[in-house]
Amino acid sequence: MSHGTEVDVQLIGGLLHDWQVRNRRATIPHAIAELRKAGNLENLRRLADPSVGPYRGRYPFLDTDLYKTLEGLAYEVGRDDAPAGARAFYDEVVELLEQAQAEDGYLNSYFQDPDQPKQPWSDLGWGHELYNLGHLIQAAVAAHRRLSDGRLLTIARRFADLVVRRYGADGEEAVDGHPEVEMALVELYRETGDEDYLTQARLFVDRRGRGNLKHTIFPGEYFQDHVPFRELPSVTGHAVRMAYLAAGAADVHLETGDPTLLAALERLWDDMVATKLYLTGGLGSRHSDEAIGDRYELPSERAYAETCAAIATMQWAWRMFRATGRAKYLDVYETVLYNAYAVGLSADGTAFFYDNPLQRRPDHEQRSGAEDGGELLRRAWFGCPCCPPNIIRWMSELQDHVAVARDNVLYVGIYADARITANDLTVKVTTNYPWDGEITLTVEKAPSEERAIAFRIPAWAKDATLTPAGERVDGWVVVRRTFVAGDVGRLSLPMKPRAHGVHPYVDAARGAIAVARGPLVYCVEQQDVAAPVDDLLLSPAAVRAATVREQDVHRVLELTAKVAPAPAPELYPVITGHVTEAAVGEVPVTLVPYFLWGNRQALAMRVWLRTEREH
């Protein structure tokens, strides 16, 4: 079976389309203003003119914030409703990069800075030079494909060729402290056909864990460098690094067919989903090193679940789907998309979460991104602003992760109002997903030969029906026939509210209940209930009886919860007998989609609620 190819998808309505419009109208102009304010352009400009002032920022990877933004702009500047000032910003940055690149191809405004005592390539553990190159390549490939603009590709290839000369098969056996370049090099190979880039990506994957990286501050586990990739017992270390590395290894497998890589990837993925992934799809439980943590170490109020890790997890999921065709990877992709990723951006598109907890206590004072001062919830920008530009580029590319064609089958994996063309087959999808589960697919153009269309059935959709009926295969329903224009398929995914429990080893949420509907996880904000959220007692029966109400363009859930009595003041009371807890009342509760929390006053929030036992 081939790995398939992305098809032409246009989002024409619905939530994902609205997110992209918001990205163009609000997030991109906001990010351009913040990048200018932060000095990212001046950091490049001063390489030719030091009188501009000193290097701005404390990190050596701030060029990547420009690269990620450029990648998003490559999708947007050619549209009729392109963001104001986007084309001028894009051209300005490209010209600065052309001027800043060294004669040998090296490019990094931090290490090229005349006042920087560190030399290029002197600190691969923390210098992020290859991480920088990875994001430059991805921006360059996007610009070449979407705008037919080869300027960035020329810059990226000069830098990549330097890396091949320095760290290729006959060069120094080194790896970067932050994986990312691996999947970028594979994409550069796909765009250019130059096998040196694929070879280099494979070398970087194979070299990790073999003692080639100098570890400082954190041990090898943090860098996924304590054992070779294929021998990793579980996803570990810095969450973004781990998922980027896995996505890069998946890309290498996709191009080389290496079965040992796929076996490792499947094992690591299954272990992650079973023991280390939050209900929201968030990855990473530790603030101290932005790390994944142990199995079942999933605290709610201290969930790190960095927005960049959500994007990295989706990148890994999409590649695993392409490698195997299995719907389970898109189930996780979709969970992350509508929860752990979407929550990272405010409703107005101009403020961000860096970390994404599943609970906020009433007296919580930490600012997002662990920075002093500023707003208690979302921030306009960060000192380490990796997440906002990452949101921008991924938002611009949502249509690329809706469908795939392989072996004369069109797999529709993510449901949205869209027009999808796969060679000689064009279909229109009409739906209000994820707010309801009714999906209509209409064939607009079809070949005279037999084709197949596969509809993903999410794991939560137990009573899904498709008309006309099809063959159920591993999470898909496949309709195979000679289609004609006007043929219609109707998929119904019942969206009853669900009460989720948790594995007994997850101490942080043992005995609690969370609520979901369709792909959306819901939460309670203090604004929407008269009793303290910490005192609410929720039963599965109350969740099953919940009603759905339209609020703006969203759907909220309304139910009745019981209220526990005020707890005793002792932190650790002595228990002498059987403990009972009788409710003292009931209150109406409105639950909002988790991705919408944090857009109002900074009050308490919970995903996991205390349980009222059913008798």
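Described in the following lines is the structure provided in the data block. Note that the coordinates shown come from a computational prediction; the quantities given were computed from them, not determined experimentally. (Residues numbered from 1 in each chain as written. Predicted model: local features only at pLDDT ≥ 70, side-chain atom pairs only at ≥ 80, totals over all residues. Heavy atoms only, no water.)

1. What to know about the overall build of the protein
As a reminder of what qualifies: Strands are runs of DSSP state E lasting at least two residues, helices are runs of H or I lasting at least four, and both sets are numbered from the N terminus onward. The globule rule used here is 2.2 Å times the number of residues to the 0.38 power, and the radius of gyration it is set against is calculated over C-alpha atoms. Each residue's exposure class comes from its accessible area (1.4 Å probe, protein chains only) as a fraction of the maximum for that residue type: buried when under 20%, exposed when over 50%, partly exposed otherwise. Contacts are residue-level and defined by heavy atoms, with any inter-residue pair within 4.5 Å sufficient. For the accessible areas, the method is Shrake-Rupley and the probe is 1.4 Å, while residue cover comes only from the protein chains on display. Note that His is not counted, nor are the chain ends; the positive residues are Lys and Arg, and the negative ones are Asp and Glu. Where a charge lies is defined by one atom per residue type, namely NZ (Lys), CZ (Arg), CG (Asp) and CD (Glu).
The number of helices and strands found in the protein is 15 helices and 22 strands. Relative to the compact-globule value of 25 Å for 615 residues, the protein shows a C-alpha radius of gyration of 25 Å, a close match. Each principal axis of the C-alpha distribution contributes one length, and for the protein these read about 75 × 70 × 50 Å. Across the 615 residues of the protein, 60% fall into the buried class. Taking the intrachain contacts of the protein between residues at least 6 apart in sequence as the baseline, contacts between residues at least 24 apart amount to 70%. For the protein, the accessible area works out to roughly 23,700 Å², and carbon and sulfur atoms hold 48% of it. Here the protein contributes 66 positive and 87 negative side-chain charges, whose respective centroids are spaced 3 Å apart.

2. Re the environment of Asn40
Tracing the backbone through its elements, the reader meets Asn40 in helix 2 (residues 40-45). The sequence separation of Asn40 and Asp63 amounts to 23 residues, and the corresponding C-alpha distance is 6.8 Å.

3. So, the pattern of salt bridges
Let me state the cut-off plainly: Salt bridge, as used here, is a side-chain nitrogen of Lys or Arg placed within 4 Å of a carboxyl oxygen of Asp or Glu.
Within this structure, the stated rule accounts for 43 salt bridges. Close ionic contact of Glu187 with Arg190 constitutes a salt bridge, the shortest N to O distance being 2.8 Å. Residue Glu187 and its partner Arg190 are both found in helix 8 (residues 181-192); the two are separated by 3 residues, about one turn of the helix. By relative accessible area, which is 17% here, Glu187 ends up buried. For Arg190, a relative accessible area of 24% corresponds to the partly exposed category. Among the salt bridges present, the one from Arg600 reaches Asp528, with a minimum N-O distance of 2.7 Å. One end of the pair, Arg600, is in the loop between strand 20 (585-593) and strand 21 (605-606); the other, Asp528, is in the loop between strand 16 (520-525) and strand 17 (536-538), and 72 residues separate them in sequence. By relative accessible area, which is 39% here, Arg600 ends up partly exposed. One continuous salt-bridge network, built from bridges that share partners, spans Arg145, Glu187, Arg190, Glu191, Asp251, Glu255 and Arg319.

4. Let's talk about the pairing of strand 8 (residues 438-445)
To keep things clear, this is the line we draw: Paired strands, as defined in this entry, are two strands with at least two bridges between them according to DSSP.
Taken together, the 6 bridges between strand 7 (residues 425-431) and strand 8 define a ladder with antiparallel strand orientation. Along strand 8, the bridge assignment pairs Thr431 with Ile439. In this structure, the hairpin formed by strand 7 and strand 8 is closed by a connection of 6 residues. Note that strand 8 and strand 13 (residues 488-492) share 5 bridges and pair antiparallel. Across the sheet, the residue bridging to Thr442 is Val488, located in strand 13.

5. Describing empty space enclosed by the protein
Spelled out, the test is: Think of a 1 Å grid over the protein atoms and nothing else: a 1.4 Å probe that fits but is trapped marks a cavity, an open set flanked by protein within 12 Å on at least five of seven lines marks a pocket, and residues with an atom within 4 Å of a point count as lining. Grid points are joined across faces, edges and corners, and a volume is the space filled by probe spheres set on the points. Each residue gets one label: Ala, Val, Leu, Ile, Met, Phe, Trp, Tyr, Cys and Pro are nonpolar, Asp, Glu, Lys and Arg are charged, and the others, such as Gly, are polar.
Under the criterion given, the structure shown has 2 cavities of 30 Å³ or more. Of the volumes computed, that of the largest cavity is approximately 170 Å³. Lining the largest cavity are 16 residues, with Asp355, Pro357, His364, Gln366 and Leu376 positioned closest to its centre. Residues that form the lining of the largest cavity fall into these classes: 6 nonpolar, 5 polar and 5 charged. By volume, the second largest cavity is sized at about 30 Å³. As for the second largest cavity, its lining consists of Gly13, Gly14, Leu15, Leu16, Tyr338, Tyr415, Ala416, Asp417, Thr431, Asn432 and Tyr433. By residue number, the principal contributor to the lining of the second largest cavity is helix 1 (residues 14-38), which donates 3 residues. Of the residues that constitute the lining of the second largest cavity, the class distribution is 6 nonpolar, 4 polar and 1 charged.

6. As for the side chain of Glu34
Position of Glu34 among the secondary structure elements: in helix 1. Glu34 sits in the buried class, given a relative accessible area of 11%. For Glu34, the residues in contact, after removing those within four places along its chain, are Ala380 and Trp381.

7. Structural notes on the packing of aromatic side chains
We count it as follows: We call Phe, Tyr and Trp rings a pair once their centres come within 6.5 Å, taking the six-membered ring for Trp, and we label the pair stacked below 30 degrees between planes, edge-to-face above 60, and tilted otherwise.
For the coordinates displayed, the defined rule picks out 29 aromatic pairs. With 6.3 Å between their ring centres and 50° between their planes, Trp126 and Phe218 make a pair best called tilted. Of this pair, Trp126 sits in helix 5 (residues 124-127) while Phe218 sits in the loop between helix 9 (195-207) and helix 10 (239-256), and the two are 92 residues apart along the sequence. The class of Phe218 is partly exposed, set by a relative accessible area of 22%. Centre to centre, the rings of Trp318 and Tyr333 are 6.2 Å apart; their planes meet at 55°, and the pair counts as tilted. Remark: Tyr333 occurs in helix 13 (residues 327-341) and Trp318 occurs in helix 12 (residues 307-324); sequence separation between them is 15 residues. Taken together, the aromatic side chains of Trp19, Tyr338, Tyr415, Tyr433, Trp435 and Phe595 make up a single cluster linked through ring pairs.

8. What about unusual backbone geometry?
Across the junction of Tyr433 and Pro434, the peptide omega takes the value 10°, indicating a cis bond. With a phi angle near 70°, Tyr296 is a residue other than glycine that sits in the positive phi range. Inspection of the secondary structure assignment puts Tyr296 in the loop between helix 11 (259-275) and helix 12. Here the phi dihedral of Asn408 falls at roughly 65°; this positive angle occurs in a residue that is not glycine. Mapped onto the secondary structure, Asn408 falls in the loop between strand 4 (403-406) and strand 5 (409-412). For Asn408, a relative accessible area of 49% puts it in the partly exposed group.

9. Quick notes on the state of the cysteines
Our working definition: Here, the term disulfide refers to a pair of cysteine sulfur atoms separated by no more than 2.5 Å.
As enumerated under the stated definition, the model contains 0 disulfides in all. Cysteine Cys386 is unpaired, with the sulfur of Cys308 as its nearest cysteine sulfur at 3.7 Å.

10. Topic: the nonpolar core
The following threshold applies: Only buried residues count toward a nonpolar core, which is a set of Ala, Val, Leu, Ile, Met, Phe, Trp, Tyr and Cys residues joined through side-chain atoms within 4.5 Å.
Judged by nonpolar contacts, the single largest core of 220 residues is most densely connected at Leu152 and Ile420. With sequence-adjacent residues up to four places away left out, Ile420 is seen in contact with Val7, Asp8, Val9, Val402, Ala403, Leu410, Val412, Leu425, Thr426, Val427 and Val429.

11. What about helix 7 (residues 151-167)?
Formally: What a helix is expected to span follows from its residue count: subtract one and scale by 1.5 Å.
Here helix 7 spans 24 Å end to end across 17 residues, near enough to the 24 Å set by a 1.5 Å rise per residue. Within the span of helix 7, buried status applies to Leu152, Leu153, Ile155, Ala156, Phe159, Ala160, Leu162, Val163, Val164 and Tyr167. Contact partners of the buried residues in helix 7: helix 3 (63-76), helix 4 (86-100), helix 5, helix 6 (129-147), helix 8 and helix 9.

12. What about the environment of Arg406?
By the element assignment, Arg406 lies in strand 4. In sequence terms Arg406 and Leu591 are 185 residues apart; their C-alpha atoms lie 40 Å from each other.

13. Notes on the side chain of Arg555
If you trace the backbone, Arg555 turns up in strand 19 (residues 554-563). Excluding residues within four positions of it along the chain, Arg555 makes contact with Asn432, Trp435, Arg517, Tyr522, Val548, Arg549, Glu550 and Pro593.

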